Amino acid sequence: MADEYHQNNVSSEDTETHCRPAEPGGAAGHVQGDTELNGQPPSTRVIQAEDDDDEELTLKYGAKHVIMLFVPVTLCMVVVVATIKSVSFYTQNDGQQLIYTPFREDTETVGQRALNSILNAAIMISVIVVMTLILVLLYKYRCYKVIHGWLFISSLLLLFFFSFIYLGEVFKTYNVAMDYLTLAVIIWNFGVVGMICIHWKGPLRLQQAYLIMISALMALVFIKYLPEWTAWLILAVISVYDLLAVLCPKGPLRILVETAQERDEPIFPALIYSSTMVWLVGMADGRENRKNKSSEPESPAVPDQQAEDDGGFTTSWVGQQQHQLGNLQSTEDTRREIQGMPSARPSADPSDDEERGVKLGLGDFIFYSMLVGKASAAASGDWNTTLACFVAILIGLCLTLLLLAIFKKALPALPISITFGLVFYFATDNLVRPFMDQLAVHQFYI
Amino acid sequence: MTVAVFFGCAFIAFGPALALFIFTIARDPLRVIILIAGAFFWLLSLLLSSLVWFIAVKASRQEEATAQKGLLIFGVMFSVVLQEVFRFAYYRLLRKANEGLAAISEENLSPISIRQMAYVAGLGFGIMSGAFSMINILSDSLGPGTVGIFGDSQYYFITSAFMTLAMTLLHTFWGVVFFDSCERNRWWAVAVVLSLHLLVSGLVSPSPSHRSRAVRTHNTCADKRP
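Residues numbered from 1 in each chain as written. Chains lettered and ligands numbered in written order. Predicted model: local features only at pLDDT ≥ 70, side-chain atom pairs only at ≥ 80, totals over all residues. Heavy atoms only, no water.

1. Here we look at the packing of helix H15 (residues 383-407) of chain A against helix H16 (residues 414-442) of chain A
Residue and element names in this part refer to chain A. Contact geometry for H15 and H16: axes closest at 8 Å, N-to-C directions at 155°. In terms of orientation, H15 lies roughly antiparallel with respect to H16. In this structure, H15 meets H16 at a crossing whose hand is right-handed. For the pair formed by H15 and H16, the contact residues are Asn384, Thr385, Ala388, Cys389, Ala392, Ile393, Ile395, Gly396, Leu397, Leu399, Thr400 and Leu403 on the first element and Ile416, Ser417, Phe420, Gly421, Phe424, Tyr425, Thr428, Asp429 and Met436 on the second. Here the contact of H15 with H16 is composed, by residue class, of 13 nonpolar, 7 polar and 1 charged. (Axes fitted to C-alpha atoms, helices over the stretch in contact; angles between N-to-C directions. Helix = DSSP H or I, 4+ residues; strand = E, 2+ residues; numbered from the N terminus. Parallel < 35°, antiparallel > 145°, perpendicular 65-115°, else oblique. Left-handed = near helix turned anticlockwise from the far one by under 90°. Contact = heavy atoms within 4.5 Å. Nonpolar A, V, L, I, M, F, W, Y, C, P; charged D, E, K, R; others polar.)

Here's what the structure looks like:
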């Protein structure tokens, strides 16, 4: 289990959203710019018109891409919330905790509890940072096989072991009798097909489904094993870390992406959910370049390396650059890389625009689902809190994608959504809930 | 309470909204985004109004039931006013976005008209309002218990479901009327929407009148249909 977390941590850097500017001269300004066109010399207007066309293309695909991400994020959250509400295993406190959060929260005083949770969060975040740095170093020194093997083992553990536990708990909840033989066959098939889909080729929908399931499993593990205050603190700190790691010039994730760009390689596509991959497999160079281009409107990478234990779900893998399977081994690098498609690309091929997909790191999925799952587990059984967090996260994702369309560079997906989610969780749980309860008692409708 | 009650109340409360969503909104990504943003704006207004109510409750003396009831009514009125304010704010935001979309598109035509946006925004408000009112009741209806065993009305779930349905549809209609009157600068119509919203939310009476309250609200619903 330790491997997975390590791997998760390492891949945190990758989780930023990367959006390579498709048009070098693209007007990275406002999406709604219109008034500037007035009163300007014709030549500038032409250029701006072209830029606006590019912007329009971005926007035209913007709404579709947002929905292409809303659906899987919603599905992941639905799976997590449904599991939390029905399978009591994931909300039970067994007294076990991850080795990364050694301090216990069942202390006598509130101050001690706060201190313990701060220490836990600090340890977890430093583990993540260290892992990220190790990953950057490994990538810099071209130890691709190490990274690839690590991701492979993580995903193996996740697909077999965690899903075995999950299935066992579901059977216990619904009192289904199951013999070991059938169980072994089910888990074996599930795991092997998952490994094939994620690390090799597979139907797009199946691959997406596996990624969603993996993210949900990981989120459930976090919900179960992270104590209450530690979990909220980790969410807050990791969105700050994501912001810093992706946007600061010396941030590890940014270094990773830039290195990948210099080498003209994709970062490993593992651990990235992508919406249009399937037709990229086995394509020739020309297509690949166009594909690279199409990978622009990528979503923020997931900062959480914790998703690592999923072991490189190479979604992007199948998609983008993996046109040569031979390259697979060598390009199993950070997820970010995937978004950081090399700048040496031919100009945008218009026919590809319709097929541009959008990517979001799996760590983003995991943390979004963890927030919503924790909200449904901890909020006094109240569904309003869950619903509020859900809407807040979706709106944060929408805003992030809008910023992506405007700035056309890698952006972190966590900060806005997690901030909204946290604000709405605490506000709804403490302020809105008593108000709505009173309204329901007196049957007021607002 | 049984699963039948759960499904019955759920479909009563959310059936039309779900149908509207599936048939008119789900296909168009832009409308889905506007819907969810509308829900977000309603949520923001609720957050702020419950903050105000919470502060008022904490500042007051908590023992008196009448004072608490009065504060609740104040909270409801304030929430309604704030919702309309946020509806106006959303209208302004959508106007700006519409201009942007129009400027960016090839024929200088926005892909969505302000009327469609009004409908979608109203539905977003309505769905969120309905969900917040009804979801907890629905989840309670799945568990064990008897409605009204202590002397309250046994029709609590059904009336709640119908009221939720009415509020969802009303929000949709109010959204359309509101945006249209803002477009044409007919501020009296905006005031009518606000006062109708206050009227409907303020229809409070002791328990036996659950049915009459629902009927009155449904009449308002019928009048609002454009």
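Resuming the write-up.
2. Some details on the interface of chain A and chain B
In this complex, chain A contributes 44 residues to the contact, which on the side of chain B involves 54 residues. Approximately 4100 Å² of surface area, both sides summed, lies buried where chain A meets chain B, with 76% of it carried by carbon and sulfur atoms. Inspection of the region where chain A meets chain B yields 0 salt bridges. Put simply, chain A and chain B have 9 residue pairs in polar contact (both at pLDDT 80 or more) between them. Of all the elements in the fold, those that place two or more residues in the side of chain A that touches chain B are helix H2 (42-86), H15 and H16 of chain A. Across the side of chain A that touches chain B, the residue classes tally to 28 nonpolar, 9 polar and 7 charged. (Buried area = accessible area lost by both parts, 1.4 Å probe. Salt bridge = Lys/Arg side-chain N within 4 Å of Asp/Glu carboxyl O. Polar contact = N/O pair within 3.5 Å; in protein donor to acceptor, adjacent residues only side chain to side chain.)

3. Some remarks on the packing of helix H14 (residues 362-378) of chain A against H15(A)
All names here are of chain A. Remark: H14 packs on H15, axes separated minimally by 8 Å, with the N-to-C direction vectors making an angle of 165°. The orientation of H14 relative to H15 falls into the category roughly antiparallel. Crossing angle aside, the handedness with which H14 passes H15 is right-handed. Between H14, through Tyr368, Leu371, Val372, Ala375 and Ser376, and H15, the contact on the second element is made entirely by Thr385, Thr386, Cys389, Phe390, Ile393 and Leu397. Of the residues assigned to the contact of H14 with H15, the class counts are 8 nonpolar, 3 polar and no charged.

4. Some remarks on unusual backbone geometry
Here A:Asn175, not a glycine, exhibits a phi torsion of approximately 55°, which is positive. Within the fold, A:Asn175 resides in the loop between helix H4 (144-174) and helix H5 (180-199). One non-glycine residue with positive phi stands out, namely B:Asn185, at about 60°. As for its placement among the helices and strands, B:Asn185 is situated in the loop between helix H5 (156-183) and helix H6 (187-201).

5. As for H14(A)
Under the 1.5 Å per step criterion, the end-to-end length of H14(A) is 24 Å for 17 residues, consistent within 8% with the ideal 24 Å. With its phi angle positive at about 50°, A:Ser380 sits one or two positions after the end of H14(A). (Expected span 1.5 Å × (residues − 1).)

6. Some thoughts on the pattern of salt bridges
When the charged atoms of two side chains lie near each other, side chains of opposite charge can form a pair. All names here are of chain A. Within the structure shown, the criterion is met by 10 salt bridges over all chains. A salt bridge links Glu169 to Lys172; the shortest N-O distance between them is 3.1 Å. Residue Glu169 and its partner Lys172 are located together in helix H4, separated by 3 residues, close to a single helical turn. Given the relative accessible area of 11%, Glu169 is considered buried. The salt bridge involving Glu258 is made with Arg254; its shortest N-O contact spans 3.4 Å. (Buried < 20%, exposed > 50% of the residue type's maximum accessible area, 1.4 Å probe, protein only.)

7. Some remarks on the packing of aromatic side chains
Enumeration according to the criterion identifies 25 aromatic pairs over all chains in this entry. Geometrically, the ring pair formed by A:Phe222 and A:Phe367 is stacked, given 6.3 Å between the ring centres and 5° between the ring planes. On the criterion of sequence distance, the pair formed by A:Phe222 in helix H6 (residues 204-225) and A:Phe367 in helix H14 is long-range, its members being 145 residues apart. Here the two residues A:Phe222 and A:Phe367 agree in accessibility, since each one is buried. Plain terms: the ring middles of B:Phe7 and B:Phe11 are 6.1 Å apart, the flat faces sit at 25° to each other, and that makes the pair stacked. In this pair, B:Phe7 and B:Phe11 are both assigned in helix H1 (residues 3-25), 4 residues apart and thus about one turn of the helix distant. Exposure remark for B:Phe11: the relative accessible area of 55% places this residue in the exposed category. Grouped by ring-pair contacts, the aromatic residues B:Phe88, B:Tyr91, B:Phe178, B:Phe179 and B:Trp187 constitute a single cluster. Over the ring of A:Phe89 we find A:Lys224, and its NZ or CZ is 4.1 Å from the ring centre. The ring of A:Tyr139 carries A:Arg263 above its face, with NZ or CZ at 4.8 Å from the centroid. (Phe/Tyr/Trp six-rings, centres within 6.5 Å; stacked < 30°, edge-to-face > 60°. Lys NZ or Arg CZ within 6 Å of the ring centre and 35° of its normal.)

8. Thoughts on the environment of B:Ala118
Residues and elements named next belong to chain B. By the element assignment, Ala118 lies in helix H4 (residues 114-141). Taking the C-alpha atoms as reference points, Ala118 and Ile34, separated by 84 residues in sequence, lie 9.5 Å from one another. Ignoring any residue separated from it by four or fewer positions in sequence, one finds Ala118 in contact with Gly175, Val176 and Phe179.

9. Digging into the UniProt feature "transmembrane region" (unreviewed entry) in chain B
Residues and elements named next belong to chain B. According to UniProt, the positions carrying the feature "transmembrane region" (unreviewed entry) are residues 29-57, 69-90, 117-135, 155-174 and 186-204. Along residues 29-57 the backbone is 100% helical and 0% strand, and the end-to-end C-alpha distance reaches 42 Å. Strand forms 0% of residues 155-174 and helix 95%; the C-alpha atoms that close the span are 28 Å apart. (UniProt positions renumbered as here; feature names shortened; annotations may be inferred.)

10. Considering the environment of A:Leu157
Residues and elements named next belong to chain A. Along the chain, the position of Leu157 falls in helix H4. By relative accessible area, which is 27% here, Leu157 ends up partly exposed. For the pair Leu157 and Leu138, spaced 19 residues apart in sequence, the C-alpha separation works out to 22 Å.

11. Focus: the UniProt feature "transmembrane region" (unreviewed entry) in chain A
The positions UniProt marks with the feature "transmembrane region" (unreviewed entry) are residues 66-84, 118-138, 150-168, 180-198, 210-226, 232-248, 387-407 and 413-432 of chain A. Helix makes up 100% of residues 387-407 of chain A and strand 0%. Its end C-alpha atoms lie 30 Å apart.

12. So, the side chain of B:Gln83
By the element assignment, B:Gln83 lies in helix H3 (residues 65-104). Contact partners of B:Gln83, with chain neighbours within four places excluded, come to A:Ile446, B:Trp42, B:Ser45, B:Phe125, B:His171 and B:His197.

13. Let's talk about a nonpolar patch on the surface
Together, A:Tyr174, A:Val176, A:Met178 and A:Ile186 make up an exposed nonpolar region whose accessible area comes to about 350 Å². By the element assignment, A:Val176 lies in the loop between H4 and H5. (Patch = residues over 30% accessible without salt bridge, like charges linked within 9 Å, V, L, I, M, F, W, Y side chains within 5 Å. Areas by Shrake-Rupley, 256 points an atom, 1.4 Å probe, with all protein chains shown as cover.)

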